[in-house]
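A look at the structure
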Amino acid sequence: IDFETILVDTRGRVGWITLNRPEALNALNAQTMHDVVIAAEQFDADPGIGAIVITGAGRAFAAGADIKEMEDRTGLDMRLGNYFAEWGRLVAVRKPVIAAVNGFALGGGCELAMMCDIILAADTAKFGQPEINLGVIPGMGGSQRLARAIGAYKAAELVLTGRMIDAAEADRAGLVSRVVPADALLDEAQAMGDTIAAKSLPSVLAAKELIRTSLESPLAEGLRHEAALFASLFDTRDQKEGMAAFREKRQPAFENR
Ligand code: HXC
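Residues numbered from 1 in each chain as written. Predicted model: local features only at pLDDT ≥ 70, side-chain atom pairs only at ≥ 80, totals over all residues. Heavy atoms only, no water.

For the chain, an unreviewed UniProt entry supplies the name Probable enoyl-CoA hydratase echA8 and the organism Microbacterium mitrae. Taken from UniProt, the Function (unreviewed entry) comment for the chain reads in full: "Could possibly oxidize fatty acids using specific components." Quoted verbatim from the Sequence similarities (unreviewed entry) field of UniProt, the annotation for the chain is "Belongs to the enoyl-CoA hydratase/isomerase family." (UniProt positions renumbered as here; feature names shortened; annotations may be inferred.)

Okay, here's the thing in structure tokens:
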């Protein structure tokens, strides 16, 4: 498939989605949302892919939802059009998704990064939820995911003032897993994707699902879910292979089953 607003390619077992409207700082319009979701679902269904990376072309990851597209809408338009609903399909992707944040990740761009499982930041990355400056609020999950990621008090400051933070502050706040030099970002993301894609896929899917569960459910429920998935992995060949490889002091050869 040819996509209008993104570039898609495969490097090894890692699927890459590059937001590609650099002239608009990769502002997320309805077409971009659709393209990202379709590409991510294709990678999710592809047995040759073990991890997905999302990044942005140019000097932004994404500078937000497309303000020019939204400007004239009414509240009812937003409700009945269920404007950002399709992003739910990205969140439902079962394989790990890494956001490689190269520059501005603002508003919907920060929210897109937070829909991913891991946020890897270039030292040039900037994060923020500036919607308050536009007379609105985060609408793609920012109020909820930022509060869970960095705590309610720091999230409140960012959402209420619209202040942008740099990569170092995002790192201290726990929003990003690591900060790397900008010119190493794509290689680092590929290396992280390669590392994950080399594991046994059933265990990777279970691990992602459980981290998600931790954000959504009470501890007791999450622990029960973990116990069930943990036990189920003992019926995979890869568990036998992984543990045999340890005993035999060699690398495991996983078969994803
Ligand atoms: C549409 C955008 C855009 C956006 C940038 N552009 N962000 N277009 N929607 N979110 C466009 C600009 O209009 C401009 O195009 C081009 O990209 C380059 O941007 P500049 O502003 O000229 O660049 P610069 O001066 O370097 O400033 C960079 C910036 C600024 C600080 C990131 O662009 C900015 O503040 N952008 C908006 C950030 C924002 O408010 N995001 C939240 C959006 S709301 P032209 O053709 O005009 O030159 C959102 C909410 C979701 O995400 C849910 C709530 C409803």
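On to the overall build of the chain. When its secondary structure is counted, the chain shows 12 helices and 10 strands. Taken against the 2.2 N^0.38 rule, which gives 18 Å for 257 residues, the C-alpha radius of gyration of the chain at 19 Å falls within 12% of a compact globule. In terms of overall dimensions, the chain has a C-alpha envelope of 60 × 40 × 40 Å along the principal axes. Among the 257 residues that make up the chain, the fraction classed as buried is 46%. The contacts of the chain with a sequence gap of at least 6 include a subset with a gap of at least 24, amounting to 68%. Here the chain has roughly 13100 Å² of accessible surface; of this, 57% comes from carbon and sulfur atoms. For the chain, the centre of its 27 positive side-chain charges and the centre of its 35 negative side-chain charges are spaced 6 Å apart. (Helix = DSSP H or I, 4+ residues; strand = E, 2+ residues; numbered from the N terminus. Rg over C-alpha atoms; globule rule 2.2 N^0.38 Å. Buried < 20%, exposed > 50% of the residue type's maximum accessible area, 1.4 Å probe, protein only. Contact = heavy atoms within 4.5 Å. Areas by Shrake-Rupley, 256 points an atom, 1.4 Å probe, with all protein chains shown as cover. Lys, Arg positive; Asp, Glu negative; His and termini not counted. Charge placed at Lys NZ, Arg CZ, Asp CG, Glu CD.)

Okay, the site of the ligand next. Around the ligand sit 23 residues in total, of which Arg59, Ala63, Ala65, Lys68 and Gly108 are the nearest. Notes on the ligand: free accessible area 1000 Å², of which the protein chains cover 66%. Those elements giving two or more residues to the shell around the ligand turn out to be α2 (67-70), β6 (104-106) and α5 (108-115). For the shell around the ligand, the element with the most residues is α2, which contributes three residues. (Near = heavy atom within 4 Å.)

A separate point is the sheet that holds strand β2 (residues 14-19). With mixed pairing, six strands are arranged side by side in an open sheet as β1-β2-β3-β5-β7-β10. The open sheet has two free edges, formed respectively by β1 (6-11) and β10 (178-180), since each of these has just one partner strand. With strand direction ignored, the average angle separating the axes of adjacent strands in the sheet is 20°. Note that strand β3 (residues 51-56) and strand β5 (residues 97-101) share four bridges and pair parallel. Counted as the bridge partner of Thr55 is Ala100 from β5. Each of β1, β2, β3, β5, β7 (118-122) and β10 touches helix α9 (residues 185-197); the most contacted strand, β7, lies at about 155° to it. (Pairing = 2+ DSSP bridges. Axes fitted to C-alpha atoms, helices over the stretch in contact; angles between N-to-C directions.)

A few words on the pattern of salt bridges. Counted according to the given criterion, the structure contains 15 salt bridges. Where Asp66 meets Arg21, a salt bridge forms, and the shortest distance between an N and an O atom there is 2.8 Å. Of the two residues, Asp66 sits in the loop between β4 (60-62) and α2 while Arg21 sits in the loop between β2 and α1 (30-45), which places them 45 residues apart along the sequence. Using a relative accessible area of 16% as the deciding quantity, one classes Arg21 as buried. For Arg257, the salt bridge is made with Glu255, and the minimal N-O distance between the two is 2.6 Å. According to the relative accessible area criterion, Arg257 is partly exposed, its value standing at 44%. (Salt bridge = Lys/Arg side-chain N within 4 Å of Asp/Glu carboxyl O.)

A few words now on the packing of helix α10 (residues 201-216) against helix α11 (residues 219-232). Across the interface, α10 lies against α11 with an axial gap of 10 Å and an inter-helix angle of 175°. One finds that α10 runs roughly antiparallel with respect to α11. Contact residues: Ala206, Glu209, Leu210 and Thr213 in α10; Gly222, His225, Glu226 and Leu229 in α11. Of the residues belonging to the contact of α10 with α11, the class tally is three nonpolar, three polar and two charged. (Parallel < 35°, antiparallel > 145°, perpendicular 65-115°, else oblique. Nonpolar A, V, L, I, M, F, W, Y, C, P; charged D, E, K, R; others polar.)

To continue, consider the packing of aromatic side chains. As enumerated under the stated definition, the model contains two aromatic pairs in all. Aromatic side chains Tyr83 and Phe84 sit 4.9 Å apart centroid to centroid with 65° between the ring planes, which places their arrangement in the edge-to-face category. Owing to a relative accessible area of 12%, Tyr83 belongs among the buried residues under this scheme. Ring centres 5.1 Å apart and planes at 65° place the aromatic pair Phe230 and Phe234 in the edge-to-face group. Taking NZ or CZ as reference, Arg11 lies 4.1 Å from the ring centre of Trp16, over its face. (Phe/Tyr/Trp six-rings, centres within 6.5 Å; stacked < 30°, edge-to-face > 60°. Lys NZ or Arg CZ within 6 Å of the ring centre and 35° of its normal.)

We note that Lys249 has phi near 55°; this positive angle belongs to a residue other than glycine. Relative to the helices and strands, Lys249 resides in the segment after α12 (237-247). We note that Asn256 has phi near 60°; this positive angle belongs to a residue other than glycine. Note on placement: Asn256 falls in the segment after α12.

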